[in-house]
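# Understanding the architecture of this molecule
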Amino acid sequence: MPARWRLLILFLQSVTVTYAMPVPTTFSVRLVHRFSEEMKPVRVQTADWPDRRSMRYYQMLLGNDFLRHKINLGGARHQLLFPSKGSKTMSFGNDFAWLHYMWIDIGTPSISFLVALDAGSDLLWVPCDCIQCAPLSARYYPILDRDLNEYSPARSLSSKHLSCSHRLCDMGSNCKTSKQQCPYTINYLTDNTSSSGLLVEDILHLQSSDGGGGGSTSNSSVQAPVVVGCGMKQSGSYLEGVAPDGVIGLGPGESSVPSFLAKSGLIRDSFSLCFNEDSSGRLFFGDQGSTVQQSTPFLPLDGMFSTYIIGVEAFCIGNYCPKVTSFKAQFDSGTSFTLLPGHAYRAITEEFDKQVNVTRSTLNDSLWEYCYALSLQQLPKIPTLTLTFQQNNSFVVYNPIVVFYNNQEIDGFCLAIQPTEGDIGTIGQNFMMGYRLVFDRENKKLAWSHSNCQDLGLGKRIPFSPANGTSSNPLPADEQQRSNGHAVSPAVAGRTPQKPSVASSQMISYRKHLHCYCLLLFQLLSIFY
């Protein structure tokens, strides 16, 4: 019989003898270091054996320390995830409609796609078996140094068709049979802009980071099944240079990538976006932000949390906050510039015009109403714009203007806000600059903190935090008092006898020893397997 099994049987026999005794007894065990000579017959068959005090010896000890630290903090299951190509996002300015993009890998073997980040929609789609798609050759896009790719489910070993009977097939009623492959069509807010095709399931390639201390991290690859739109036919802006290689939907719907990752248990139901003024940024799945962030709750739309809506109580220009500037707005990374309801737009732009010390003028081909020409003698004094929310939380807009150049000289600038119909506005990417924005879907809130987006990089700057936040129990406070379906009064639940009886003392001792035995047994089993 192998030595490791003899040791396990001996341990179990000792526990059995101990519990057969009617009176309390003392159980002792000799502690043995995991890399001692006495453990070598047990471990040498299941793991490598480092020389004592060698570099490998300390690497294995430190690696085990990080693993235990992560398990103790509840991080064994939840983690930060980001695309296998890295967490960095990028904006190419007017060439790609001012949106932020990032590289992702899909399928087996993996193929890379440069997708636009869109928190206002759910589906991840890429050009696929194209009937009508944007050009994918780099010669059409001077900013690119390589061609864009086209996806084909038939060439991916990990792809699976999604049938019309699948619960995520919204157009199942249009199918002739339930086994038919599910079609999709997404119509976007931009006029005549859409994507349509067929739904498939495939692998999205990601990396995880445990944010280990000491400036080091342990990264590992993660293959996450997600639904992908095989975008066979695009229209409108998607044929004119906007997101030619696809879109990754980050919305709260079931078909979005964050939803799949959260439901599979890979992450907490949250993600963060960070956009810097140098056109770079970061995306992390599972990020719930920092301890110094402010927040405001998401609001339902027609009774459902179908998109990221927040309530703005006031919009201040400088130190003045017009009374008629409260409104609801969608936070949408897929919208380049901010749109405001008519009443708020008028009050804000008129007050901005009063406070800016530059004469308003008309700039050629400008998309915005409030524009200003500059001369060498004029230095613009631009008032600050601040959104205020509940509990006096505030959101300072660092980048509310767009600057125009002529022959490498500043020609003028415009307040990059436009009016929109209806009573719901859209906070676009230009207002998001300079912030780490946390879309905390689990707690239904938007959180933010000022950031240059570098403190979200891998390494010691990503702090360890318990997967469940401050509480080890994810239930609300009133539900934490429930046990086996019966409500327990908090006062009774916390009450203990002043003088325990002998029987109760023996029971407490019994449970303490049982806990220790189970812990030792778990440690031994972890060695054997």
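Residues numbered from 1 in each chain as written. Predicted model: local features only at pLDDT ≥ 70, side-chain atom pairs only at ≥ 80, totals over all residues. Heavy atoms only, no water.

Let me state the cut-off plainly: UniProt positions are given in the numbering used here, feature names are shortened, and annotations may be inferred rather than shown by experiment.
The protein chain appears in an unreviewed UniProt entry as Aspartic proteinase-like protein 1 isoform X2 from Cicer arietinum. Note on the protein chain: under the UniProt heading Subcellular location (unreviewed entry), the record states "Cell membrane".

### Considering the overall build of the protein chain
Just so we agree on the cut-off: Strands are runs of DSSP state E lasting at least 2 residues, helices are runs of H or I lasting at least 4, and numbering of each runs from the N terminus. A 1.4 Å probe rolled over the protein chains alone gives each residue an accessible area, and that area as a share of the maximum for its type sets the label: buried under 20%, exposed over 50%, partly exposed in between. The contact criterion used is simple: two residues touch if any of their non-hydrogen atoms lie within 4.5 Å. For every accessible area listed, the method is Shrake-Rupley and the probe measures 1.4 Å; residues are considered covered only by the protein chains on display.
A tally of helices and strands in the protein chain yields 8 helices and 30 strands. By the burial criterion, 43% of the 529 residues in the protein chain qualify as buried. Nonlocal contacts in the protein chain, meaning residues at least 24 apart in sequence, comprise 64% of its contacts between residues at least 6 apart. If you sum the accessible surface of the protein chain, you get close to 28700 Å²; carbon and sulfur atoms cover 52% of it.

### Quick word on a nonpolar patch on the surface
Filter applied, for reference: Patch membership needs two things, relative accessible area over 30% and no salt bridge, and members are linked within 9 Å if like-charged or within 5 Å if nonpolar (Val, Leu, Ile, Met, Phe, Trp, Tyr). Here, a salt bridge means any Lys or Arg side-chain nitrogen found within 4 Å of an Asp or Glu carboxyl oxygen.
Taken together, the side chains of Val-403, Tyr-405 and Ile-410 define a hydrophobic patch exposed on the protein surface, amounting to about 300 Å² of accessible area. Turning to its location among the elements, Ile-410 is positioned in strand 24 (residues 409–415).

### Points about the UniProt feature "active site" (unreviewed entry) in the protein chain
UniProt records the feature "active site" (unreviewed entry) at Asp-118 and Asp-332, using the numbering of this structure. Separation in sequence by 215 residues is not matched in space for these annotated residues, since their most distant C-alpha atoms are only 6.7 Å apart. Position of Asp-118 among the secondary structure elements: in strand 4 (residues 111–118). Classification of Asp-118 as buried rests on a relative accessible area of 9%.

### Topic: the side chain of Ser-196
You can see Ser-196 is positioned in strand 8 (residues 194–209). What makes Ser-196 buried here is its relative accessible area of 18%.

### Observations regarding unusual backbone geometry
Peptide bonds are trans in most cases, and residues, glycine excluded, mostly fall at negative phi. Of the consecutive residues Thr-108 and Pro-109, the connecting peptide bond is found in the cis state with omega at -5°. You can see Pro-109 is positioned in the loop between strand 3 (100–106) and strand 4. Positive phi, normally seen in glycine, also occurs at Ala-97, with a value near 65°. Judged by its relative accessible area of 22%, Ala-97 is partly exposed. Not every positive phi belongs to a glycine, and Trp-98 is a case in point at roughly 65°. As for its position among the elements, Trp-98 is in the loop between strand 2 (88–91) and strand 3.

### Section: the state of the cysteines
We count it as follows: Put simply, a disulfide is two cysteine sulfurs that come within 2.5 Å.
Overall, the coordinates contain 7 disulfides when judged by the stated rule. A sulfur-sulfur distance of 1.9 Å marks the disulfide that ties Cys-164 to Cys-175. Residues Cys-164 and Cys-175 are joined through a disulfide that is left-handed, its torsion about the S-S bond being -75°. In this pair, Cys-164 sits in the loop between strand 6 (160–161) and strand 7 (183–187) while Cys-175 sits in the loop between strand 6 and strand 7, placing the two residues 11 residues apart along the sequence.

### Concerning the pattern of salt bridges
Tallied over the entire structure, the rule returns 7 salt bridges. Residues Arg-441 and Asp-269 are paired through a salt bridge, measuring 2.6 Å at the closest nitrogen-oxygen approach. Pair noted here: Arg-441 is in the loop between strand 27 (435–440) and strand 28 (445–450) and Asp-269 is in the loop between helix 4 (257–263) and strand 11 (270–275), with a separation of 172 residues, a long-range link. Residue Arg-441 is classed as buried on the basis of its relative accessible area, which comes to 9%. One salt-bridge network, in which partners are shared between bridges, spans Arg-167, Glu-254 and Lys-263.

### Some points on the nonpolar core
Nonpolar side chains tend toward joint burial in soluble globular proteins. The condition that has to hold: For this analysis, a nonpolar core means a set of buried residues of the types Ala, Val, Leu, Ile, Met, Phe, Trp, Tyr and Cys, connected via side-chain atoms within 4.5 Å. Domain delimitation follows an automatic or database domain assignment.
Counting 97 residues, the largest nonpolar core has Phe-285 and Phe-439 as the members making the most contacts within it. Tallying contributions element by element places strand 9 (residues 219–235) first for this core, with 6 residues. The two domains that each donate at least three residues to this core are domain 1 (80–285) and domain 2 (294–450). The next biggest cluster of nonpolar side chains, apart from the first, holds 7 residues, and it includes Phe-337, Leu-363, Trp-368 and Val-402.

### Description of the sheet that holds strand 24
Short version of the rule: Strands pair, by our definition, only if DSSP identifies at least two bridges between them.
Across the sheet, 4 strands lie side by side as 19-20-24-23; this open sheet has antiparallel pairing. For this open sheet the edge positions go to strand 19 (360–361) and strand 23 (401–406), each flanked by a neighbour on one side alone. Sheet analysis places strand 23 next to strand 24, joined by 6 bridges and oriented antiparallel. Considered in strand 24, the bridge of Ile-401 is made with Leu-415.

### Brief notes about the environment of Tyr-238
Looking at the element boundaries, Tyr-238 is found in the loop between strand 9 and strand 10 (247–249). Judged by relative accessible area, Tyr-238 falls into the buried class, the value being 8%. Taking the C-alpha atoms as reference points, Tyr-238 and Thr-193, separated by 45 residues in sequence, lie 6.6 Å from one another. Excluding its chain neighbours within four sequence positions, the residues that come into contact with Tyr-238 are Trp-125, Ala-134, Tyr-188, Thr-193, Ser-194, Ala-243 and Val-247.

### Description of the sheet that holds strand 16 (residues 314–317)
The condition that has to hold: For helices, the fitted axis covers only the stretch in contact; all axes are lines through C-alpha atoms, and the angles between them, taken along N-to-C directions, range from 0 to 180 degrees.
Read from one edge to the other, the open sheet built from 3 strands follows the order 16-21-22, with strand pairing classed as antiparallel. One side of each edge strand has no neighbouring strand; the edge strands of this open sheet are strand 16 and strand 22 (394–397). Taken over all neighbouring pairs, the strand axes of this sheet differ in orientation by 20° on average, direction set aside. Here strand 21 (residues 385–388) runs beside strand 22; their pairing, made up of 4 bridges, is antiparallel.

### Some details on the pairing of strand 3
Burial of strand 3 is extensive: 7 of the 7 residues sit out of reach of the surface. The alternating pattern of strand 3 places His-100, Met-102, Ile-104 and Ile-106 on one face and Tyr-101, Trp-103 and Asp-105 on the opposite face, and all of these are buried. Here strand 2 pairs with strand 3 via 2 bridges, running antiparallel. Residue Ser-91 lies in a different strand from strand 3, and its bridge partner there is His-100. Bridging between strand 3 and strand 4 involves 6 bridges; their strand directions are antiparallel. Across the sheet, residue Ile-104 finds its bridge partner in strand 4, namely Phe-113. From the end of strand 3 to the start of strand 4, which pair antiparallel, there are 4 residues, and Gly-107 there has a positive phi angle of about 90°.

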